[in-house]
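Chain by chain, the residues run as shown.
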Amino acid sequence: MNWQTIYTHLKDNGFAVYSLGQHEGKCTSPYLVLRNNGAILNQSLIGQEYEILLYYPKDRYSEFEGYIERVKQAMNALYPSLRLEDAEQPHFLDDDVEGYMTGLIYRVWKPHNLNRVRKD
């Protein structure tokens, strides 16, 4: 599972998806920004973290929760490879784009061995 797979999956499910810095202008219709937040290590697993930033026009806030749920439902198809780690961050009005914003954080977990010595 990688960034491109998630991006394509969201596009195939009818969402307007952008990479960081790609969307320009005001939020006149709902859109998503997909970003790679890097890796997380623990004793036996390595997690690759992806964040979906959800934007919704400021004059349509009453529809925002339904949009968030549609994104979550679409992403459920990638489970168990990709797991929702942070269900929903607080909503806030982004004055720069004139839209409401929240985020969903997903991780791909893979086993690793910290004791393995790399040989080049």
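As a starting point, this report considers the structure included with it. All figures in this text were calculated on a predicted structure; none of them were measured in a lab.

Conventions and cut-offs
- Residues numbered from 1 in each chain as written.
- Predicted model: local features only at pLDDT ≥ 70, side-chain atom pairs only at ≥ 80, totals over all residues.
- Heavy atoms only, no water.
- Core = buried A, V, L, I, M, F, W, Y, C linked by side-chain atoms within 4.5 Å.
- Buried < 20%, exposed > 50% of the residue type's maximum accessible area, 1.4 Å probe, protein only.
- Helix = DSSP H or I, 4+ residues; strand = E, 2+ residues; numbered from the N terminus.
- Contact = heavy atoms within 4.5 Å.
- Pairing = 2+ DSSP bridges.

**Quick look at the nonpolar core**
Counting 22 residues, the largest nonpolar core has L32, I52, L54, V71 and M75 as the members making the most contacts within it. Residue assignment for this core shows that the elements contributing at least two residues are α1 (3-12), β2 (31-41), β3 (45-57), α2 (64-76) and β6 (99-111). Considering each element in turn, this core owes the most residues, 6 residues, to α2. When sequence neighbours within four positions are dropped, the list of residues in contact with I52 reads L10, L32, V33, L34, V71, M75, T102, G103, L104 and Y106.

**What about the pairing of β3?**
Most of β3 sits inside the fold, with 10 of its 13 residues counted as buried. Where β2 meets β3, 10 bridges bridge the pair, whose relative direction is antiparallel. Paired with L32 across the strands is L54, a residue of β3. Once β2 ends, the chain turns through 3 residues before running back antiparallel as β3. Judged from the 13 bridges that link them, β3 and β6 form a sheet pairing that is antiparallel. Each residue of the ladder has a partner; that of G47, found in β6, is W109.

Taken by themselves, the reported measurements are silent on function.
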